[in-house]
There are 2 protein chains.
Amino acid sequence: MEVGAADEITALLGRGKVLTDEEVLEKYSTDMGGFRRRPSAVVVAENVEDVSRLLKFCNERKIPVTAWGAGSSLTGAVVSDSIILDLSKLDRILRIDTVNYYVHVEAGVVLERLNRELEKHGFFFPPDPASSFICTVGGVVAEGSGGLRCVKYGTVKDWVLALKVVLADGSVAVFGEPLPKNRAGYNLVQLLVGSEGTLGIIVEAWLKIAPIPDVSVKRVYAVFDSWADAGNAILEIRRRRIVPRMLEFFDSVGLEAANRMHGENLPIGEAMLLIDVEEYRGNETSNLLSILKRNNARTVKIAESEEEAEKLLQIRATMYMALNAISKARVIEDVCVPIDRIVDYLTKVKEISKKYGVVVSMNGHAGDGNIHPSVLYDPDNPDEVKHVEKVVQELIRYSTEIGGTITGEHGVGLQKMRDLAMQLESHNGPQVLELMRRLKKLFDPNNILNPGKYVDMT
Amino acid sequence: MEVGAADEITALLGRGKVLTDEEVLEKYSTDMGGFRRRPSAVVVAENVEDVSRLLKFCNERKIPVTAWGAGSSLTGAVVSDSIILDLSKLDRILRIDTVNYYVHVEAGVVLERLNRELEKHGFFFPPDPASSFICTVGGVVAEGSGGLRCVKYGTVKDWVLALKVVLADGSVAVFGEPLPKNRAGYNLVQLLVGSEGTLGIIVEAWLKIAPIPDVSVKRVYAVFDSWADAGNAILEIRRRRIVPRMLEFFDSVGLEAANRMHGENLPIGEAMLLIDVEEYRGNETSNLLSILKRNNARTVKIAESEEEAEKLLQIRATMYMALNAISKARVIEDVCVPIDRIVDYLTKVKEISKKYGVVVSMNGHAGDGNIHPSVLYDPDNPDEVKHVEKVVQELIRYSTEIGGTITGEHGVGLQKMRDLAMQLESHNGPQVLELMRRLKKLFDPNNILNPGKYVDMT
């Protein structure tokens, strides 16, 4: 960014909105995945007009802008060496509509707060990324995020009706309608969902909400002696057409770390499943227990109290941090594989891990095939460092070979650009990445919106 | 189309695939909405290669091509004065995947047949346009169709995972992945859903399927003395967070016509609701009956047998034909209004109808705000003809004034191009239609894919 631009932006937006002191720049330099770039300035927007003015200015000067909600990207999608646009102050819940079943919110609203407000009306917003306690609506829409309940309810993309977007030239448009059905024009909403800040800046969203289901849910915990047994149990759950509200997988490495962090002593095996099953007719839980036992679950328990259920969930939900605590460095992958290939994938991960002598811990949303491999390593051990890149490449390549994707919910960002090109080339055809680049250019001819990421490899 | 082009296409694709005899051209001249254009030739594709070769040829010669599945468009989306490309022979069900919960089908598969096959495995494809007995997968995806069950399950857009598409230049690409979660690149799938044959020709689809729910469903029929009472009952159902599997509205004009057509004698009032309610805890139906009675339902009955339930549904499902039988001519609109404004909308329809002395019959998916006004008239009565256009414009304009859309599920086609421009201008911003036109141009630079429709007003 040219010298003096920050002052010009201050003149445009008013005092206190453009921050350039070292401490602030440092705070906005790293995302939750550890990707790092140092911005030249942070602009804190207070309203849509601020965003519009900033983009108009930056588009004319060709200054890159990267939107920031909470910095909880795991792929480098929100770091930048130019301007970071912090939208967290746009945090009004504008309307909770309990007849039309939507909520109209500004981009900076934190998901957990949104759900607390919705609960008062008997509603909820189903997609629940693990970062819900900090992540913002704008962030989860731009990322098309997933979460634990998505196995039943789908991901964020399935819950967005309309978006207010500031386009690259600073003009403001609304995509879609806050209606359950609308066929007026091409679906621009879904182009923006998962666009990672590269097509426009999302400033408001109309999100579908659902009545909190009035049904009893049992939380079931199962311990297996092998990854394959747990995988086969998942297959049988699917074949018997049981759709749980949550179906999580984790391994001994993750559980040991979480047990230690929480001072807990959950029964441990090679693989664990944590499953929420809805009880409509009174036999769903017993059917599930039979499936788990048939697939060699060594221990199966049903949470007997809300406290116990909550504890089980916390163990799973904080595994991300627990694994960080026991490893010096870590690469988190986000493959999603066809569910009928999940046992093959788990078997391959064991092989790769053994071949290179590197620990790969698996945990995630196994019910939809989206298990995150975590490659743990010591950055001061040159042998391990040498192997990590190969391990990651084999993990990714095998997932695409069996019909999986390189990213189920974390997105591309800086981390997976090369992998994205590989997947599109092998699964979708040689012209698809080029089509996406032309789309990007159509929306952002001066390439100011989060450039150098996602489909923009130039 | 230039003289000799049909022969060249025959040389390219082989004998018997290019039809130009009068009888055939006549058959492909009209859609189900009565829109009419006479094609210069009909090409019957037998495989993806045929589609690819045809498009390559037509793109080089700039000859328009319009895809055709069953001709069941209600808006003129499938009629053309150039080449009609019939895809109905691409009718293979390639894979029913009962672990990954998707079906991989060719574009010409008829929805009803698909559901018959799925039922054998305990699955179904939820969106159910009234034309399911003839409409094809390619058609419903290109239209982003709705239906009766969409009030609970969403429309076609919510059930498409991936598409094989022949692009304007004849190249073949796959958009998306047959996976429950995938974040690899911009969402091209949803650009194609609802694109009405203007961005590419859909030749295969991977559609999500759902286990047939193992829950008791009651079919409830209610008769009201006024449209407003029925509308208020819908509001209370929503406010009490009841999500029925079907919630249909129809009026006395529609029911009289259907009673006559079927030789039935269903109790009649000013407005009727037909509701499928799922019984989980055993009190849902009685709760619903209380709501209906509180809102002045004069008669409420629960179908006592499968036969009775089926008869009620048939009355509703065939109302389209019954109304055709009693009116010489008819304009079918497709507005979808915010549900909290449904009583306002019904009241306004009564006013407009009275003001112009024209019969407007209402029936449709009131549970999601999508009630179709049908303007019935006599084309030989100059007074009525004069009024019809004004009635239609008032019906549409008022729906957009109260936050509704000009089309909930039928799409734009030839019928609603001007209305589309009006809605986008007033709800979405002046640049949105232009953005859509640039998208169209990006996918189809020579404007050969179903030109002169949808966003292409030039």
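The structure displayed is predicted, hence computed values, not measured ones.

What counts and what doesn't
Residues numbered from 1 in each chain as written. Chains lettered and ligands numbered in written order. Predicted model: local features only at pLDDT ≥ 70, side-chain atom pairs only at ≥ 80, totals over all residues. Heavy atoms only, no water. Buried < 20%, exposed > 50% of the residue type's maximum accessible area, 1.4 Å probe, protein only. Helix = DSSP H or I, 4+ residues; strand = E, 2+ residues; numbered from the N terminus. Pairing = 2+ DSSP bridges. Expected span 1.5 Å × (residues − 1). Bend = angle between axes of the 7 residues up to and from the residue. Contact = heavy atoms within 4.5 Å. Polar contact = N/O pair within 3.5 Å; in protein donor to acceptor, adjacent residues only side chain to side chain. Core = buried A, V, L, I, M, F, W, Y, C linked by side-chain atoms within 4.5 Å. Domains from an automatic or database assignment. Buried area = accessible area lost by both parts, 1.4 Å probe. Axes fitted to C-alpha atoms, helices over the stretch in contact; angles between N-to-C directions. Salt bridge = Lys/Arg side-chain N within 4 Å of Asp/Glu carboxyl O. Phe/Tyr/Trp six-rings, centres within 6.5 Å; stacked < 30°, edge-to-face > 60°. Least-squares fit on C-alpha atoms with pLDDT ≥ 70 in both. Parallel < 35°, antiparallel > 145°, perpendicular 65-115°, else oblique. Nonpolar A, V, L, I, M, F, W, Y, C, P; charged D, E, K, R; others polar.

### Quick look at the pairing of strand 4 (residues 83-86) of chain B
All names here are of chain B.
Now for step 1: Because side chains alternate across strand 4, one face comprises the buried residues I83 and L85, and the other comprises I84 and D86, equally buried.
Now for step 2: In terms of strand pairing, strand 2 (residues 41-44) meets strand 4 through four bridges, oriented parallel. Following the sheet pairing, V44 is matched in strand 4 by D86.
Now for step 3: Pairing between strand 3 (residues 65-68) and strand 4: four bridges, direction parallel. Following the sheet pairing, W68 is matched in strand 4 by D86.

### A look at unusual backbone geometry
Now for step 1: For Y454(A), which is not a glycine, the phi torsion comes out positive at approximately 60°.
Now for step 2: Take Y454(A): it is sitting in the segment after helix 16 (432-443).
Now for step 3: Although it is not a glycine, N450(B) sits at a positive phi angle of roughly 45°.
Now for step 4: Within the secondary structure, N450(B) is located in the segment after helix 16 (432-443).
Now for step 5: Here N450(B) falls in the buried class, since its relative accessible area comes to 3%.

### Here we look at helix 14 (residues 382-401) of chain A
Residues and elements named next belong to chain A.
Now for step 1: For helix 14, spanning 20 residues, the distance from its first C-alpha to its last is 29 Å, which sits close to the expected 28 Å at 1.5 Å a residue.
Now for step 2: Within helix 14, the axis deviates most sharply at V388, by approximately 25°.
Now for step 3: Of all the positions in helix 14, only V388, V391, V392, L395, I396, Y398, S399 and T400 are classed as buried.
Now for step 4: Considering only its buried residues, helix 14 is in contact with strand 16 (329-332), helix 13 (342-356), strand 17 (359-365), strand 18 (370-377) and helix 15 (417-428).
Now for step 5: Where helix 14 starts, the residue carrying a side-chain oxygen 3.0 Å from the main-chain nitrogen of D383 turns out to be N381.
Now for step 6: Once helix 14 finishes, G403 follows within two positions and takes phi at roughly 90°, a positive value.

### Quick notes on the side chain of E106(A)
Residues and elements named next belong to chain A.
Now for step 1: Tracing the chain through its elements places E106 in strand 6 (residues 102-106).
Now for step 2: Judged by relative accessible area, E106 falls into the buried class, the value being 4%.
Now for step 3: In terms of polar contacts, E106 uses its side chain to reach the backbone amide nitrogen of D91, at 3.2 Å.
Now for step 4: Once you skip the residues sitting within four places of it in the chain, E106 turns out to touch L90, D91, R92, L94, V137, V203 and E204.

### Observations concerning the nonpolar core
Now for step 1: Core analysis: the largest hydrophobic core is formed by 200 residues, its most contacted members being F175(A), L292(A), F175(B) and L292(B).
Now for step 2: Apart from residues lying up to four places away in sequence, L292(A) is in contact with V220(A), A222(A), F224(A), A233(A), L273(A), I275(A), A297(A) and V300(A).

### A few points about the pairing of strand 13 (residues 246-251) of chain A
Residues and elements named next belong to chain A.
Now for step 1: By the criterion of burial, strand 13 is predominantly enclosed, with six of the six residues buried.
Now for step 2: Burial along strand 13 is two-sided: M246, E248 and F250 and L247, F249 and D251, pointing in opposite directions, are all buried.
Now for step 3: As paired strands, strand 13 and strand 14 (residues 271-279) are joined by six bridges and run antiparallel to one another. Of the residues in strand 14, the one forming a bridge with M246 is D276.
Now for step 4: When strand 13 meets strand 17, the two strands line up antiparallel, connected through two bridges. The residue of strand 17 that forms the bridge with F249 is G364.

### Topic: the domain arrangement of chain A
All names here are of chain A.
Now for step 1: Looking at the assigned domains, one finds that chain A contains domain 1 (5-86), domain 2 (93-211), domain 3 (214-320) and domain 4 (327-445).
Now for step 2: The straight-line distance from the C-alpha centre of domain 2 to that of domain 4 is 26 Å.
Now for step 3: Contacts between the two partners involve 16 residues from domain 2 and, on the opposite side, twelve residues from domain 4.
Now for step 4: Carbon and sulfur atoms make up 59% of the surface buried where domain 2 meets domain 4, a total of about 1000 Å² over both sides.
Now for step 5: Broken down residue by residue, the surface that domain 2 buries against domain 4 is led by V151, E196 and L199, which jointly contribute 36%.

### Here we look at the sheet that holds strand 15 (residues 299-302) of chain B
Residues and elements named next belong to chain B.
Now for step 1: An order of 15-12-14-13-17-18-16 is seen for the seven strands of this open sheet, with the pairing classed as antiparallel. Either end of the sheet is taken by a strand with one partner, and the two such strands are strand 15 and strand 16 (329-332). Taken pair by pair, the neighbouring strands of this sheet meet at an average axis angle of 20°, ignoring direction.
Now for step 2: Each of strand 12 (216-224), strand 14 (271-279) and strand 15 touches helix 10 (residues 284-294); the most contacted strand, strand 14, lies at about 160° to it.
Now for step 3: Sheet contacts for helix 13 (residues 342-356): strand 13 (246-251), strand 17 (359-365) and strand 18 (370-377); angle to strand 17, the most-contacted strand, approximately 155°.

### Details of the interface of chain A and chain B
It is common to give the size of an interface as the accessible area lost on bringing the parts into contact.
Now for step 1: Each side of the interface is counted separately: chain A has 89 residues, and chain B has 89 residues.
Now for step 2: At the boundary of chain A with chain B, total buried surface from both sides reaches about 6700 Å², with 56% on carbon and sulfur atoms.
Now for step 3: Of all residues in chain A, K181(A), R183(A) and Y186(A) bury the most surface against chain B, accounting for 17% of the area lost on that side.
Now for step 4: On inspection of chain A and its partner chain B, the count reaches twelve salt bridges.
Now for step 5: Residues D214(A) and R281(B) are paired through a salt bridge, measuring 3.5 Å at the closest nitrogen-oxygen approach.
Now for step 6: Our enumeration of links across chain A and chain B arrives at 52 residue pairs in polar contact (both at pLDDT 80 or more).
Now for step 7: For the side of chain A that touches chain B, the leading source of residues is helix 16 of chain A, giving eight residues.

### Some thoughts on the pattern of salt bridges
It is possible for side chains of opposite charge to pair when their charged atoms get near one another.
Now for step 1: A complete count under the given rule lists 75 salt bridges over all chains for this structure.
Now for step 2: Put simply, K17(A) and D50(A) hold a salt bridge, and the shortest N to O gap is 3.0 Å. Of this pair, K17(A) sits in the loop between helix 1 (5-13) and strand 1 (18-19) while D50(A) sits in helix 3 (residues 48-61), and the two are 33 residues apart along the sequence.
Now for step 3: Across the pair E143(A) and R183(B) runs a salt bridge, and its minimum N-O distance is 3.5 Å. Placement of the pair is E143(A) in helix 5 (residues 137-143) and R183(B) in the loop between strand 9 (172-176) and helix 7 (188-192), with the two residues belonging to separate chains. No difference in accessibility class separates E143(A) from R183(B), as the two residues are buried.
Now for step 4: When salt bridges with common partners are traced through the structure, they connect E22(A), E26(A), R36(A) and R38(A) into a single cluster.

### With respect to the packing of aromatic side chains
Now for step 1: One pass over the full model with this rule turns up 17 aromatic pairs over all chains.
Now for step 2: Taken together, a centroid distance of 6.0 Å and an interplanar angle of 20° make the contact between Y345(A) and Y398(A) stacked. Here Y345(A) is found in helix 13, whereas its partner Y398(A) is found in helix 14, with 53 residues between them in sequence.
Now for step 3: With relative accessibility at 3%, the residue Y345(A) sits in the buried group.
Now for step 4: Seen from their ring centres, Y454(A) and Y186(B) are 5.0 Å apart, and the 75° between their planes marks the pair as edge-to-face. Taken together, the positions of Y454(A) in the segment after helix 16 and Y186(B) in the loop between strand 9 and helix 7 put the pair across two chains.

### Digging into the relation of the copies chain A and chain B
Each of the two chain copies can be generated from the other by rotation about an axis followed by a shift along it.
Now for step 1: Of the transformation placing chain A onto chain B, the axial shift is 0.0 Å and the rotation is 180°, giving an RMSD of 0.0 Å. The operation mapping one copy onto its partner corresponds to a two-fold rotation axis.
Now for step 2: Taken together, the interface assignments show that 100% of the residues at the interface of chain A recur at the interface of chain B, consistent with an identical surface on both copies.

### Re the packing of helix 15 of chain A against helix 16 of chain A
All names here are of chain A.
Now for step 1: Where helix 15 contacts helix 16, the two axes come as close as 8 Å, and the packing angle between them is 125°. Put simply, helix 15 runs oblique to helix 16. Residue-level contacts link A421, L424 and N428 of helix 15 to V432, L433 and M436 of helix 16.
Now for step 2: Grouping the constituent residues of the contact of helix 15 with helix 16 by class yields five nonpolar, one polar and no charged.

### A short note on helix 13 of chain B
Residues and elements named next belong to chain B.
Now for step 1: If you check helix 13, its first and last C-alpha atoms are 21 Å apart, about what 15 residues at 1.5 Å a residue would give, namely 21 Å.
Now for step 2: Buried within helix 13 are the following residues: I342, V343, Y345, L346, V349, I352, S353 and Y356.
Now for step 3: Taken together, the buried residues of helix 13 touch helix 8 (227-239), strand 13, strand 17, strand 18 and helix 14 (382-401).

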